[in-house]
Amino acid sequence: MLYFAFRGVSVEELLTSLGKADFKWVAFALSFALIGYISRAYRWKLLIKPLNYDPPLKNVFYALMIGYTANFAFPRIGEISRCGSLQKSDKIPLDSLLGTVIIERAIDLMILIFALIIVFFSKIGFFGKFFKNNIFSPFLDRITPFFQLSIFSWIIFAAAIVLLILLVWFLNKRFSENPVIRKVKELVRGVVVGLKTIVRMRDRWSFIFHTLLIWLMYFLMTYVLLFALPATSHLGPLDGLFLLVIGGLGMSAPVQGGIGAFHWIITLGLSLYGVSRANAVAYATLSHESQSIFAILLGAISVIMLMIQNRKALKTNKT
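Heads up: these notes are all about the structure in this document.

Criteria and cut-off values
Residues numbered from 1 in each chain as written. Predicted model: local features only at pLDDT ≥ 70, side-chain atom pairs only at ≥ 80, totals over all residues. Heavy atoms only, no water. Helix = DSSP H or I, 4+ residues; strand = E, 2+ residues; numbered from the N terminus. Buried < 20%, exposed > 50% of the residue type's maximum accessible area, 1.4 Å probe, protein only. Areas by Shrake-Rupley, 256 points an atom, 1.4 Å probe, with all protein chains shown as cover. Expected span 1.5 Å × (residues − 1). Axes fitted to C-alpha atoms, helices over the stretch in contact; angles between N-to-C directions. Parallel < 35°, antiparallel > 145°, perpendicular 65-115°, else oblique. Left-handed = near helix turned anticlockwise from the far one by under 90°. Contact = heavy atoms within 4.5 Å. Nonpolar A, V, L, I, M, F, W, Y, C, P; charged D, E, K, R; others polar. Salt bridge = Lys/Arg side-chain N within 4 Å of Asp/Glu carboxyl O. Phe/Tyr/Trp six-rings, centres within 6.5 Å; stacked < 30°, edge-to-face > 60°. Patch = residues over 30% accessible without salt bridge, like charges linked within 9 Å, V, L, I, M, F, W, Y side chains within 5 Å. Lys, Arg positive; Asp, Glu negative; His and termini not counted. Charge placed at Lys NZ, Arg CZ, Asp CG, Glu CD.

**Points about the overall build of the protein**
Tallying secondary structure elements over the protein gives 14 helices and zero strands in all. Of the regular secondary structure in the protein, the N- to C-terminal order runs α-α-α-α-α-α-α-α-α-α-α-α-α-α. The 319 residues of the protein split such that 43% are buried. Approximately 17,800 Å² of the protein is accessible, and the part contributed by carbon and sulfur atoms is 72%.

Below you can see the structure in the form of structure tokens.
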């Protein structure tokens, strides 16, 4: 993905474009990112409260940033890492925490889809072609062969599902007391409990407020950074929303921290405005790398702070 994003752009061109950047706008973008991180931590805390746990906001923030950092090691491992971190610091069941994370991701996906619809219909002629050629058509090309299977293939597929269900039922019946089976059942039960937190939540308006605040910060992070480069400074708020949407799709790709996928899709998106590849790659690099370095730095600080906190707790317990 990095190859496709940077293909045809010389190092000299990229450095020249980055050399023209006004880094005060990068600082503004990072300040919005920090507000977004804190708001996201608070929103997660609201989801945890119905589980009858009330961890300090700082611990939730530390766990969140550790999760973001872990995503650069392995795709999506950050969701488990942040739950594991909070489990260790505040003794909250990991399975229940996973349920709250699933809720978070589902809601954020809904917001992203809503933003995509706004962008798509705001300038349907301009943006529609981009989404059709680069997102919808490739997706349909991949799933169409599945629906063109013969009747015999569909029968085999249905039979395989039935057999899988019967196998799960048999294993559950036959080995219900097996420690591994019991652990899996406990994990599933805990995830379901976590998923139910949205129903039992008392602070729904606060949850909605922070959800909107998080996405407002995401938008501002994307939009203000356009002013950092002369080649993109003429773009407006709707264009910033467009970049946010396609950037979100890039970050959703199963690669570490969206590396490559984000650069490629943002470069492709900016090409619609006639922005040269060098300047488009410079914007993508400035956006992704500044946010990545900032997240990793906060993640490293979070690890250190938790280590200090745990050491103090051990000393207190000994005395």
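**Brief notes about helix H4 (residues 57-70)**
Taking 1.5 Å per residue as the helical rise, H4 with its 14 residues ought to reach 20 Å, and the 20 Å between its terminal C-alpha atoms agrees with that figure. When you tally the buried positions in H4, you get 11 out of 14 residues, the bulk of the element.

**Re the environment of Arg202**
Relative to the assigned elements, Arg202 resides in the loop between helix H10 (197-200) and helix H11 (204-225). Residues Arg202 and Pro50 lie 152 residues apart in sequence; the distance between their C-alpha atoms is 8.1 Å.

**With respect to the packing of helix H6 (residues 94-122) against H11**
Packing of H6 against H11 brings their axes to within 11 Å, and their N-to-C directions diverge by 55 degrees. On the basis of their axis angle, the class for H6 and H11 is oblique. Crossing geometry of H6 relative to H11 is assigned as right-handed. Facing H6, whose interface residues are Ile107, Asp108, Ile111 and Leu112, H11 presents Phe207, Thr211 and Trp215. Of the residues in the contact of H6 with H11, the class split is five nonpolar, one polar and one charged.

**Topic: the pattern of salt bridges**
Scanning the entire structure with this criterion turns up nine salt bridges. Close ionic contact of Lys24 with Asp22 constitutes a salt bridge, the shortest N to O distance being 2.6 Å. With a relative accessible area of 29%, Asp22 lands in the partly exposed category. Ionic pairing is found between Arg43 and Glu104, a salt bridge with its closest N-O pair at 3.5 Å. Here Arg43 is found in helix H3 (residues 23-48), whereas its partner Glu104 is found in helix H6, with 61 residues between them in sequence. Of the two residues, Arg43 and Glu104, both sit in the buried class.

**Here's the deal with the packing of aromatic side chains**
One pass over the full model with this rule turns up eight aromatic pairs. Aromatic pair Trp215 and Tyr218: ring centres 5.1 Å apart, planes at 75 degrees, arrangement edge-to-face. Of this pair, Trp215 and Tyr218 both sit in helix H11, three residues apart, which is roughly one turn of that helix. Residue Trp215 is classed as buried on the basis of its relative accessible area of 14%. For Tyr218, a relative accessible area of 18% puts it in the buried group. Ring centres 5.6 Å apart and planes at 5 degrees place the aromatic pair Phe219 and Tyr223 in the stacked group. Of the two residues, Phe219 and Tyr223 are both situated in helix H11; the distance of four residues between them amounts to about one turn of the helix. Both residues of the pair, Phe219 and Tyr223, count as buried.

**Focus on the packing of helix H12 (residues 237-251) against helix H13 (residues 261-271)**
For the pair H12 and H13, interaxial distance at closest approach is 8 Å and the crossing angle is 150 degrees. With respect to H13, the axis of H12 lies roughly antiparallel. Once H12 is placed against H13, the crossing between them reads as right-handed. Of the residues in H13, those in contact with Phe242, Leu243, Ile246, Gly247, Leu249, Gly250 and Met251 of H12 are Ala261, Phe262, Ile265, Ile266, Gly269 and Leu270.

**Let's talk about a positive patch on the surface**
On the surface, Lys58, Arg311, Lys312 and Lys315 cluster together to form a positively charged patch. In terms of residue count, the dominant contributor to the positive patch is helix H14 (residues 277-318) (three residues). With respect to the helices, strands and loops of the structure, Lys312 is situated in helix H14.

**A few points about the environment of Met305**
Turning to its location among the elements, Met305 is positioned in helix H14. With a relative accessible area of 35%, Met305 lands in the partly exposed category. Separated by 243 residues in sequence, Met305 and Tyr62 have C-alpha atoms that sit 8.0 Å apart.

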